[in-house]
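# Overview (structure and organization)
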Amino acid sequence: MSSNIFHPLLPLENTYRTLPEKMYSPAMPVPVSSPVMLCFNSRLASDLGVDIAGRSEQELADLFSGRIIPEGAQPIAQAYAGHQFGHFTMLGDGRAILLGEQVGPDGSRFDIQLKGAGQTAYSRRGDGRATLPAMLREYIISESMHHLGIPTSRSLAVVKTGEKVYRERIHDGAVLTRIAASHIRVGTFEYVRNYLPIEDLQAFTSYVIDRHYPEVRDAVNPAFALLQAVMHRQVELIVQWMRVGFIHGVMNTDNMSIAGETIDYGPCAFMNTYKPGTVFSSIDEQGRYAFANQPVIAQWNLSVLAGALLPLLATEEEEAIRMAEDLLNEFPGRYRDRWLQMMCAKIGIVQYRQEDRALVDALLQWMQDRKADYTNTFLLLESEDGPVTDLLQDADFAGWHAKWMQRLAEEEGGSLSARALMQTVNPAYIPRNHLVEEALAAATLGDMAPFDALLKVLSAPYEHRHDYPDYQRSPERFDAMYQTFCGT
Ligand code: AMP
Ligand code: MG
């Protein structure tokens, strides 16, 4: 087996290593046989201040597959636990290795992590590897989320390893370079609370506050203020998912970022036909992580975070529980309000009122009854005539449309500014399931052209162009049979 090469390619820090030792294990990426760069996000590299000037593609493939290790880097695998489908388990980075932290030109700090880089202390029976289609899938969906304006981990590179990975069948292996504000999860707090002493929980909480929520550092009760701030960011995140029809698919507590970013793209997928109970994940038989259940689960996950933070909230446990419960009880109201504001924006209402809920609900009900496409319905509403005129033949729609027009007339800017608002919140392009699958199938055969073309369209989702109609439709019944899988 070949060994790692150390090279001063990329100076990285690793503040995570200042934390108690039990929070991580040193881990070296296992070099792969013949790394080839498949896609590289040079725009992201330059935004992050990752200097690649003068580097050959081979050097980059070696670096972003873990064969070359930046000199001075001290890669680790992070320890964490989590509730998976409601059950507590010990986990940890079983196939992801944190190369280190990059500090960008604006001073912000990012994790650079190699996913699929080989076994670690937390691999259990896993091979530490990842398949090419799964890593390309994460690349395209996470980048699409970013361009949709939704907080997310990013994808810097996918390198084909030249090695085979065995799942149900043989696949090409790949390593994804993932960029995130951090990979600290609700499950990381669960790990510390369950397995480490209280001083470590205190130290870790201070670290998280300094890194992600410095504004609560001087709060009277920093742990409580942290919980509240995490809750607020989660509300915003889930509202954004609901805006574009994103279904995460496996919102276990270990897949929920403390920084409020979308992370761990596994069985996620976008909903095309509007149906609140939509589930694509093959293992989610009960619909725990269905589209409409996402806010409920986010609140549940936050209650797990609150449980881990209890000893820091108050000295008396009873008091701590009461504080946490009071805070968590604010979740549904806050979510409903933020969701209503977002949905009102989707139909062009700026000055939303609580009564608008009926108008929004009626539209959603109509979409559900007609099995309408979620994304395209809002685009139709935006269009001045043409398609909307056709829809008006539908009496139910016409009735709703009349009420909507009446409501818009009460807005200051009328329908002109309504349309302008709608165009900023209603995407024209989302990663439709059949398009993603077609792109991955071609990539598996060595043809990256469909992947690159799709990525280009998804990089400007609010540009309402007329020359991409094929990217706006879903084949009938494709989604009804569509299934997604975890951790491939
Ligand atoms: P995920 O479903 O990707 O969130 O992963 C759940 C847990 O399984 C995490 O601790 C992963 O690190 C671990 N895991 C997933 N796939 C593998 C693999 N091929 N080898 C080792 N660990 C894995
Ligand atoms: Mg995970």
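Quick notes on the rules
- Residues numbered from 1 in each chain as written.
- Chains lettered and ligands numbered in written order.
- Predicted model: local features only at pLDDT ≥ 70, side-chain atom pairs only at ≥ 80, totals over all residues.
- Heavy atoms only, no water.
- Helix = DSSP H or I, 4+ residues; strand = E, 2+ residues; numbered from the N terminus.
- Rg over C-alpha atoms; globule rule 2.2 N^0.38 Å.
- Buried < 20%, exposed > 50% of the residue type's maximum accessible area, 1.4 Å probe, protein only.
- Contact = heavy atoms within 4.5 Å.
- Pairing = 2+ DSSP bridges.
- Donors = N, O, S within 2.8 Å, 3.2 Å for Na, K, Ca; no water.
- Near = heavy atom within 4 Å.
- Polar contact = N/O pair within 3.5 Å; in protein donor to acceptor, adjacent residues only side chain to side chain.
- Areas by Shrake-Rupley, 256 points an atom, 1.4 Å probe, with all protein chains shown as cover.
- Nonpolar A, V, L, I, M, F, W, Y, C, P; charged D, E, K, R; others polar.
- Domains from an automatic or database assignment.
- Salt bridge = Lys/Arg side-chain N within 4 Å of Asp/Glu carboxyl O.

### Structural notes on the overall build of the protein chain
Tallying secondary structure elements over the protein chain gives 17 helices and 13 strands in all. For the protein chain, whose C-alpha radius of gyration is 23 Å, the value lies close to the compact-globule estimate of 23 Å for 488 residues. For the protein chain, the proportion of its 488 residues judged to be buried stands at 57%. In the protein chain, 72% of the contacts between residues at least 6 apart in sequence involve partners at least 24 apart.

### Some thoughts on the pairing of strand E6 (residues 81–84)
Sheet topology note: the E6/strand E7 (residues 87–90) ladder contains four bridges and is antiparallel. Residue histidine 83 lies in a different strand from E7, and its bridge partner there is phenylalanine 88. Joining the antiparallel neighbours E6 and E7 is a turn of two residues, in which phenylalanine 85 adopts a positive phi near 45°.

### Focus: the coordination of the magnesium ion (ligand 2)
Every protein donor of the magnesium ion (ligand 2) is accounted for by Asn255 (OD1) and Asp264 (OD), and the metal-donor separations fall at 2.0 to 2.1 Å. The class of asparagine 255 is buried, set by a relative accessible area of 10%. Judged by its relative accessible area of 12%, aspartate 264 falls in the buried class.

### Quick look at the site of ligand 1
Near ligand 1 lie 16 residues; those nearest to it are Gly92, Gly94, Asp127, Gly128 and Asn255. Within the backbone of glycine 94, a nitrogen or oxygen atom sits 2.7 Å from an oxygen atom of ligand 1. One nitrogen or oxygen atom from the side chain of arginine 167 is found 3.3 Å from a nitrogen atom belonging to ligand 1. Protein chains bury 83% of the 480 Å² of accessible surface belonging to ligand 1 in isolation. The residue makeup of the shell around ligand 1, split by class, is two nonpolar, seven polar and seven charged.

### A few points about helix H11 (residues 374–382)
Where burial is concerned, most of H11 is hidden: eight out of the nine residues are buried. Of the positions making up H11, those classed as buried are Tyr374, Thr375, Asn376, Thr377, Phe378, Leu379, Leu381 and Glu382. Put simply, aspartate 373 is the residue that caps the front of H11, since its side-chain oxygen is 3.2 Å from the backbone nitrogen of threonine 375.

### What to know about the domain arrangement of the protein chain
Domain assignment breaks the protein chain into domain 1 (5–183) and domain 2 (184–488). Relative to domain 2, the C-alpha centre of domain 1 lies at a distance of 25 Å. Our count for the domain 1 to domain 2 interface comes out at four salt bridges. Its salt-bridge partner being arginine 211, residue glutamate 101 comes within 3.6 Å of it at the nearest N-O pair. The interface formed by domain 1 and domain 2 holds 23 residue pairs in polar contact (both at pLDDT 80 or more) in total. Elements with a minimum of two residues in the side of domain 1 that touches domain 2: strand E3 (36–40), E6, E7, strand E9 (109–115), helix H3 (132–147) and strand E11 (170–180). Per element, the largest residue contribution to the side of domain 1 that touches domain 2 is 15 residues, and it comes from H3. Among the residues forming the side of domain 1 that touches domain 2, the class breakdown is 29 nonpolar, 15 polar and 13 charged.

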